[in-house]
Amino acid sequence: MLTLQRGSHHGLLIAPRWPSTHIQIETEVLQRLLDAQSLLPAELRLLLTRGFEPSHSRLGGFRRLVRRFGITLFRTCYPQRHDEVDAIFGANGHDIDGCHVDVSLVLRGKRLRLLPLGVFTPLRWQRRRVARHAEAVTRVKRSLQHCGFVLHHNPTESLQIHCDYPPR
């Protein structure tokens, strides 16, 4: 497994999600992300924000605590979306290995914030932001899928662009 620091790695932008200071991913996953980046136009860049986070680490403990709080708050704010809690607040494989990653988009040097309030962003806002940047979002998702990634089935998780690289 590789450990990537904030910055650029062969053209792939790296920005660990707080409080992480680095991102761990499998070598094959990095290569597939680089392949996906190569399929995109120069003004559209991938930004890797999350990879493997061991559940037994301090970070894993912190994420579990934040998840519990988030679930309570999400259920309060969105009682009609209880069926999404597991998909949104589950570890989604990040605690298993470095084949589960979250990616963001950078368009013309500016990061696209498709979920400005994180998973608490109302669905109406999500749809509006996706519509505003539909071409870029579609291109990135197609590029990732072409390179073997499977996008998360939940619409909110798929805007974090959570994707898995299945072992072959």
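A brief report on the enclosed structure follows. As the structure is a prediction and not an experimental result, all values here were calculated from the model.

Moving on, we get to the packing of aromatic side chains. All chains considered together, the criterion is met by six aromatic pairs. A centroid spacing of 5.5 Å and a plane angle of 85° characterise the contact between W18 and F62, whose relative ring orientation is edge-to-face. Residue W18 is found in the loop between β3 (12–14) and β4 (22–25), and its partner F62 is found in helix α2 (residues 58–77); the two are separated by 44 residues along the sequence. Judged by its relative accessible area of 66%, W18 falls in the exposed class. On the numbers, 5.2 Å between centres and 45° between planes, the contact of F74 with Y78 is tilted. By the burial criterion, F74 is buried, and Y78 matches it. Sitting over the face of the ring of Y78, R81 holds its NZ or CZ atom 4.9 Å from the ring centroid.

Let's shift gears to the pattern of salt bridges. Overall, the coordinates contain six salt bridges when judged by the stated rule. For R32, the salt bridge goes to D35, with nearest N and O atoms at 2.8 Å. In this pair, R32 and D35 are both assigned in helix α1 (residues 27–38), three residues apart and thus about one turn of the helix distant. A residue is classified by how much of its surface remains accessible, and R32, at 17% relative accessible area, is buried. When the shortest N-O distance is used, the salt bridge between R81 and E84 registers 2.6 Å. Grouping residues by exposure puts R81 and E84 together as buried. Three or more residues are tied together by salt bridges with common partners; here these are E28, R32 and D35.

Definitions and limits used
- Residues numbered from 1 in each chain as written.
- Predicted model: local features only at pLDDT ≥ 70, side-chain atom pairs only at ≥ 80, totals over all residues.
- Heavy atoms only, no water.
- Phe/Tyr/Trp six-rings, centres within 6.5 Å; stacked < 30°, edge-to-face > 60°.
- Helix = DSSP H or I, 4+ residues; strand = E, 2+ residues; numbered from the N terminus.
- Buried < 20%, exposed > 50% of the residue type's maximum accessible area, 1.4 Å probe, protein only.
- Lys NZ or Arg CZ within 6 Å of the ring centre and 35° of its normal.
- Salt bridge = Lys/Arg side-chain N within 4 Å of Asp/Glu carboxyl O.

So yeah, pure geometry; function would need other evidence.
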